[in-house]
Amino acid sequence: MPAERYLFLIKGTLVLAQPLAAPETGELLTSLLQQGFAVGPLQVWASNAEQALACYEQAAQRRAFGDILAGSEPGLAGIGA
């Protein structure tokens, strides 16, 4: 399966991975944004949503570890920046 670019929709602790080029993405984004989801700052290339979410989790863990080393509170702010 070829890799696709995924974006992440976030609301609280819920994270959804959505392929950017999928036909339903525009309509889905509109609906989820109206429901209070936010588009995360990180985008990844992955073969499927499961792989994309694993990449997201790895980035979150790296960020939290970096925050700990820097002596600040762990969080997702700035992932992909």
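Residues numbered from 1 in each chain as written. Predicted model: local features only at pLDDT ≥ 70, side-chain atom pairs only at ≥ 80, totals over all residues. Heavy atoms only, no water.

Enquirer: Would you explain the sheet that holds strand β2 (residues 14–19) in this entry?
Expert: Sheet strands line up and pair through hydrogen bonds in the backbone, either parallel or antiparallel. Taken together, three strands build an open sheet; the order of strands is β2-β1-β3 and the sheet is antiparallel. In the strand order of this sheet, the two ends are held by β2 and β3 (38–46), each with one partner. For this sheet, the mean angle separating the axes of adjacent strands, direction not counted, is 25 degrees. Here strand β1 (residues 4–11) runs beside β3; their pairing, made up of six bridges, is antiparallel. Bridge pairing in β3 places I10 opposite A38. (Pairing = 2+ DSSP bridges. Helix = DSSP H or I, 4+ residues; strand = E, 2+ residues; numbered from the N terminus. Axes fitted to C-alpha atoms, helices over the stretch in contact; angles between N-to-C directions.)

Enquirer: How should I be thinking about the pairing of β1 in this particular structure?
Expert: The pairing of β1 with β2 spans six bridges and is antiparallel. Looking at β2, one finds that I10 is bridged to V15. Taking the residues between adjacent antiparallel strands as the criterion, β1 and β2 are bridged by two residues, where G12 takes a positive phi near 65 degrees.

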